[in-house]
Number of protein chains: 2
Amino acid sequence: MKKTIPIAVKADQMPPRVRATNYPEPFASRMIGREKIPLGDLFELSNFGVNLTRLAPNGMSALRHSHSKQDEFIFVFQGSPTLITDEGRTLLLPGMCAGFKAGNGNGHHLINETSEDVIYLEIGDRTPGDEGHYPDDDLKAMLVDGQWKFVHKDGSPY
Amino acid sequence: MKKTIPIAVKADQMPPRVRATNYPEPFASRMIGREKIPLGDLFELSNFGVNLTRLAPNGMSALRHSHSKQDEFIFVFQGSPTLITDEGRTLLLPGMCAGFKAGNGNGHHLINETSEDVIYLEIGDRTPGDEGHYPDDDLKAMLVDGQWKFVHKDGSPY
């Protein structure tokens, strides 16, 4: 049966992603406070992804990372996440946004150090050949045929 | 002097785009109620653009159009724009989003038929070779070296 593409949707009423994370352990467990609602995929967009993401208290957006080819952008809707980059810690507020340029090697992630949920919109393109680099963890990610493959920094499998 | 890339910004406090539209007349004048704040460019993102766009009453997002290669996505922050597509009219509310898949030929735009401003976030990728098609107007757009070039449907210049 052909899936119908909606004209428009109420974002926060859409179903969250079933598979919470692609990370191997011990990293997958660190994503337990994160829930992503894929929005771009609902409209069969393929050039970039858009997610409405919720971080519970102590949740994080991802391991701190940078991409070789993917630009990323986030816009905070609710709550006050802390953005960690090579420059240090920046507390964000609703209405604030940040962009993470491909290839600059500046590892970044959001962590929720408050007692309230954080909700933000995240956008990232899907340029082939992208790699993810993780300055704080023994992990390397490679986008192979549209799927993320994770290995140790020395290339050995998890 | 090297331009400094910010870590994060308050989106609605950033400067609007100086050049309001690239359309030739008589289409440029129809964009008078539209103001775009480029956000992705502030962070030197190049794979896609992100704008915070305001439509005054009677304003429109663009001429009704479709892209050959660019996926587009919008998320409504404030107000109630009317989304026009080949399927007709859909009134949107804050918290609603819509995506426009490249290559499907479904012309779309937002118009503000209310007496209050509409504010939304718009995302579109910058895939080379993109073209814009305009079902209701004698216009064709081609992305050449990162710049939009507009001609009549028969290819003659404006």
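Higher on the page you've got the structure.
An account of the accompanying structure is given in this report. It should be emphasised that the depicted structure is a prediction, and the values quoted were computed from it without experimental measurement.

The operation relating the pair of chain copies consists of a rotation about an axis and a translation along that axis. With an RMSD of 0.0 Å, the operation that places chain B on chain A is a rotation of 180° combined with a shift of 0.0 Å along the axis. Classification of the inter-copy transformation places it as that of a two-fold axis. Here 100% of the interface residues in chain B have copies in chain A that are interface residues too; the copies meet face to matching face.

Let us now look at the interface of chain B and chain A. Across the boundary between the two partners, chain B contributes 37 residues, which contact 37 residues of chain A. The junction of chain B with chain A conceals about 2,900 Å² of combined surface from both sides, 72% of it contributed by carbon and sulfur atoms. Counting across the chain B and chain A interface gives zero salt bridges. At the boundary of chain B with chain A, the tally comes to 14 residue pairs in polar contact (both at pLDDT 80 or more). Per-element tally for the side of chain B that touches chain A: the top contributor is strand β8 (residues 96-100) of chain B, with five residues. Its residues assigned to classes, the side of chain B that touches chain A shows 20 nonpolar, nine polar and eight charged. Where strand β1 (residues 9-10) of chain A and β8(B) come together, two bridges link them in antiparallel fashion. Counterpart to Lys10(A) in the pairing with β8(B) is Met96(B).

Let's shift gears to the side chain of His152(A). Residues and elements named next belong to chain A. Along the polypeptide, histidine 152 turns up in the segment after β13 (147-151). Only 2.8 Å separates the side chain of histidine 152 from the side chain of aspartate 138, close enough to count as a polar contact. Polar side-chain contacts of histidine 152 include one of 3.5 Å to the side chain of tyrosine 158. Residues within four places of histidine 152 in sequence aside, it is in contact with Asp138, Lys140, Pro157 and Tyr158.

Okay, unusual backbone geometry next. Residues Glu25(A) and Pro26(A) are joined by a peptide bond in cis, for which omega reads 10°. By secondary structure assignment, the location of Pro26(A) is in the loop between β1 and β2 (34-38). One non-glycine residue, Asn58(B), lies in positive phi territory at about 75°. The topology assignment puts Asn58(B) in the loop between β3 (48-55) and β4 (66-67). Of note, Asp145(B) is a non-glycine position whose phi angle comes to about 50°, a positive value.

This brings us to the sheet that holds β1(A). An order of β1(A)-β8(B)-β5(B)-β10(B)-β3(B)-β2(B) is seen for the six strands of this open sheet, with the pairing classed as antiparallel. The sheet is open, and its two borders are formed by β1 of chain A together with β2 (34-38) of chain B, each paired with just one other strand. Of the strand pairs in this sheet, strand β5 (residues 72-78) of chain B and strand β10 (residues 118-125) of chain B are connected by six bridges, and their pairing is antiparallel. Pairing of Gln78(B) across the sheet is with Ile119(B), part of β10(B).

To continue, consider the nonpolar core. If you look at the biggest cluster of nonpolar residues, it comprises 32 residues, and the most contacted ones within it are Leu39(A), Phe73(A), Leu121(A), Leu39(B), Phe73(B) and Leu121(B). Listing elements by their share of this core, those giving two or more residues are β3 (48-55), β5 (72-78) and β10 (118-125) of chain A together with β3, β5 and β10 of chain B.

Moving on, we come to the environment of Tyr158(B). Residues and elements named next belong to chain B. Assignment of secondary structure puts tyrosine 158 in the segment after β13 (147-151). In this structure, the C-alpha to C-alpha distance between tyrosine 158 and alanine 141, residues 17 residues apart in sequence, is 11 Å. Ignoring any residue separated from it by four or fewer positions in sequence, one finds tyrosine 158 in contact with Pro24, Glu25, Phe27, Asp138, Leu139, Phe150, Val151 and His152. Looking at tyrosine 158, its side chain comes within polar contact range of the main-chain oxygen of aspartate 138, at 2.3 Å.

To continue, consider the side chain of His65(B). Residues and elements named next belong to chain B. Along the chain, histidine 65 turns up in the loop between β3 and β4. At a separation of 2.9 Å, a polar atom in the side chain of histidine 65 contacts the main-chain carbonyl oxygen of leucine 63. Sequence-distant contacts of histidine 65, defined by excluding residues within four places in its chain, comprise Glu72, Asn106, Gly107, His108, His133, Tyr134 and Pro135.

Rules used in this analysis
Residues numbered from 1 in each chain as written. Chains lettered and ligands numbered in written order. Predicted model: local features only at pLDDT ≥ 70, side-chain atom pairs only at ≥ 80, totals over all residues. Heavy atoms only, no water. Least-squares fit on C-alpha atoms with pLDDT ≥ 70 in both. Contact = heavy atoms within 4.5 Å. Buried area = accessible area lost by both parts, 1.4 Å probe. Salt bridge = Lys/Arg side-chain N within 4 Å of Asp/Glu carboxyl O. Polar contact = N/O pair within 3.5 Å; in protein donor to acceptor, adjacent residues only side chain to side chain. Helix = DSSP H or I, 4+ residues; strand = E, 2+ residues; numbered from the N terminus. Nonpolar A, V, L, I, M, F, W, Y, C, P; charged D, E, K, R; others polar. Pairing = 2+ DSSP bridges. Core = buried A, V, L, I, M, F, W, Y, C linked by side-chain atoms within 4.5 Å. Buried < 20%, exposed > 50% of the residue type's maximum accessible area, 1.4 Å probe, protein only.

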